[in-house]
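# Observations on the model geometry
Chain residues, written in single-letter form:
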Amino acid sequence: MQIESQLMAPARFGPAASVRGWIGSAGFDLAFFILSPLVGLLVIFGTQHSPLGTALAVGASYLIGVPHYLSSFSFFLGDENLRHYRTRFAVFFIVPILILATVLALRVMAVAHVVQATIFVWNVYHVAAQSAGILSLYRRLGGGDQSERFWGLYAIVFVYATMAFWYVERFQPLHALLTVAHPAIPGALPFFCLAGAIYFGLGYAMRLMRRAQPMALPEKAFLATSLLLFHPYLWVEDSHLATLGMLMGHFIQYLAIVWLLNRRKFVPASGSRRQQWLGKVSASLPLLLAAIVCSGLLFYAMDKGSRLLEISTAYVILFNSLALVHFYIDGLVWAFKNPFVRQSIGPFLSLETHRIRG
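In this report, we go over the structure that sits alongside the text. (Residues numbered from 1 in each chain as written. Predicted model: local features only at pLDDT ≥ 70, side-chain atom pairs only at ≥ 80, totals over all residues. Heavy atoms only, no water.)

### Observations concerning the packing of aromatic side chains
Each aromatic ring pair is described using two quantities: the centre-to-centre distance and the angle formed by the ring planes. Put simply, the rule is: Pairing of aromatic rings covers Phe, Tyr and Trp, the last counted by its six-membered ring, and requires centre-to-centre distances within 6.5 Å; plane angles under 30 degrees mean stacked, over 60 mean edge-to-face, and any other angle means tilted. Only DSSP runs of H or I covering at least 4 residues are called helices, and only runs of E covering at least 2 are called strands; the numbering of each starts at the N terminus. Burial classification: accessible surface area is computed with a 1.4 Å probe over protein chains only, and a residue below 20% of its type maximum counts as buried, one above 50% as exposed, and the rest as partly exposed. A ring has a charge above it when a Lys NZ or an Arg CZ is no more than 6 Å from the ring centre and no more than 35 degrees off the ring normal.
Inspection of the entire model under this criterion finds 33 aromatic pairs. For the ring pair Phe150 and Phe200, a centre distance of 5.9 Å and an interplane angle of 65° mean the geometry is edge-to-face. Of this pair, Phe150 sits in helix 8 (residues 148-166) while Phe200 sits in helix 10 (residues 185-209), placing them 50 residues apart in sequence. The exposure class of Phe150 is partly exposed, given its relative accessible area of 41%. Owing to a relative accessible area of 13%, Phe200 belongs among the buried residues under this scheme. Sitting over the face of the ring of Tyr167, Arg170 holds its NZ or CZ atom 3.9 Å from the ring centroid.

### A short note on the packing of helix 6 (residues 89-108) against helix 7 (residues 112-141)
Selection rule: What counts as an axis is a line fitted to C-alpha atoms, over the stretch in contact for a helix, and the angles between N-to-C directions run from 0 to 180 degrees. Any angle between 65 and 115 degrees counts as roughly perpendicular, while under 35 counts as roughly parallel, over 145 as roughly antiparallel, and the rest as oblique. The contact criterion used is simple: two residues touch if any of their non-hydrogen atoms lie within 4.5 Å.
One can describe the packing of helix 6 onto helix 7 by two numbers: an axis separation of 7 Å at closest approach and a directional angle of 135°. Judged by the inter-axis angle, helix 6 sits oblique to helix 7. Residue-level inspection shows Val103, Leu106 and Arg107 of helix 6 in contact with helix 7, the latter providing Ala112, Val114 and Val115.

### Remarks on the pattern of salt bridges
Counted only if it meets this: A carboxyl oxygen of Asp or Glu within 4 Å of a side-chain nitrogen of Lys or Arg is what we treat as a salt bridge.
Evaluated as defined, the whole model comprises six salt bridges. Residues Glu148 and Arg211 are paired through a salt bridge, measuring 2.7 Å at the closest nitrogen-oxygen approach. Taken together, the residues span a long stretch of sequence, with Glu148 in helix 8 and Arg211 in the loop between helix 10 and helix 11 (217-227) at a distance of 63 residues. The pair Glu148 / Arg211 is uniform in exposure class, with both members buried.

### A few points about the environment of Leu208
Its location among the elements puts Leu208 in helix 10. Of the residues examined, Leu208 reaches a relative accessible area of 17% and is grouped as buried. The contact partners of Leu208, leaving out residues within four places of it in the chain, are Glu148, Met215 and Leu223.

### Quick word on the layout of surface pockets
Rules: Here a cavity is any set of points on a 1 Å grid over the protein atoms alone where a 1.4 Å probe fits but cannot get out, and a pocket is any open set with protein on both sides within 12 Å along at least 5 of 7 lines; a residue lines the site when it has an atom within 4 Å of a point. Grid points are joined across faces, edges and corners, and a volume is the space filled by probe spheres set on the points. Under the scheme applied here, ten amino acids are nonpolar (Ala, Val, Leu, Ile, Met, Phe, Trp, Tyr, Cys and Pro), four are charged (Asp, Glu, Lys and Arg), and all others, including Gly, are polar.
Quantified by volume, the largest pocket comes out at close to 1,000 Å³. Forming the walls of the largest pocket are 33 residues, and the residues nearest its centre are Ser61, His240, Thr243, Leu244 and Phe319. Going through the elements one at a time, helix 4 (53-70), helix 7, helix 13 (239-266), helix 15 (285-308) and helix 16 (312-333) are the ones with two or more residues in the lining of the largest pocket. Residue contributions to the lining of the largest pocket peak at seven residues, all from helix 16. Among the residues forming the lining of the largest pocket, the class breakdown is 20 nonpolar, nine polar and four charged. Volume-wise, the second largest pocket comes out at about 870 Å³. What lines the second largest pocket is a set of 32 residues, among which Pro67, Leu255, Trp259, Leu288 and Ile292 lie closest to the centre. Only helix 2 (26-34), helix 4, helix 13, helix 14 (273-283) and helix 15 provide two or more residues apiece to the lining of the second largest pocket. Classifying every residue of the lining of the second largest pocket by side-chain character gives 25 nonpolar, six polar and one charged.

### Examining the nonpolar core
Condition: For this analysis, a nonpolar core means a set of buried residues of the types Ala, Val, Leu, Ile, Met, Phe, Trp, Tyr and Cys, connected via side-chain atoms within 4.5 Å.
If you look at the biggest cluster of nonpolar residues, it comprises 97 residues, and the most contacted ones within it are Phe33, Phe75, Tyr160, Phe165, Phe230 and Trp334. The leading source of residues in this core is helix 13, at 14 residues.

### A closer look at the side chain of His250
Here is the rule we go by: Counted as a polar contact is a pair of N or O atoms within 3.5 Å, where, for protein atoms, one must be capable of donating a hydrogen and the other of accepting one, and residues adjacent in sequence contribute only when both atoms are in side chains.
Tracing the chain through its elements places His250 in helix 13. Separated by 3.3 Å, the side chains of His250 and His126 make a polar contact. Residue contacts for His250: discarding those within four places in its chain leaves His68, His126, Val127 and Gln130.

Encoded structure:
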């Protein structure tokens, strides 16, 4: 998710918003943005040391992970968005179908490891872009300069890549592809990423020191927890568990920012029936939780059903395609270089008049 700092002009922030420095409120931001990665540690330690660990991991995957993937499609429920998407029909509707077809073809050709490696690598950038995007919101609220964005984004990208690829041999699909390209690549890749992290990290630090005012506490706190998000890859030997633990913070952050946007934009509910439904769900915590639980249980039932029918490959294809389409759609709906995105999303993530009401 790329919430770039282009998304709004400084004039759109009222004085109270600049002083407050929180995207929603102190409690909201701490729970859903800054401290959400702690949930990943709970999942990791619970899976490793509790007899209920497997159930915890499954519950986290289906009740938080799946709704996170599906929430990208909530953008298609907005009337304004859908009108715009239809003007770019191939980009928003045909390409996702082609992604599904490609995943299916690779599975048929017995090269599914290419799909797994692609998801792993794309996920690094995808999560980094979301972290950098939320950081951009804090930067604007704290009076930071647009020039910091480039350095902040790539500092995060390379920090994440360094951690993800440090023990790349733990994720065999990617390790095998890299080895085929050249046997030296798996060993050299982490150090290349580390060099990038140092270069962009120093550049980012230098620009932060040039600020007229020091970073506000919310921005500092989010930056600190964001830079540590991928640390499970350094100490959890099971790559799949490390990925799940890392993603928990990302999942929660994404669900929170999408809910925050929809609540501010579509409450009170109006427009078409689908948009009214989106507004009603966004306005009601019970309805929101019911939608999240039902979507997770649906995919859990599909997974179990496919195993019973001995067609589990079909579910794997569907889920892999869902992840890749989520990455792709996110690159479009949060692309603030697009004037439509800036105008349709920007004001609802900045104005003090749209802050969360208790």
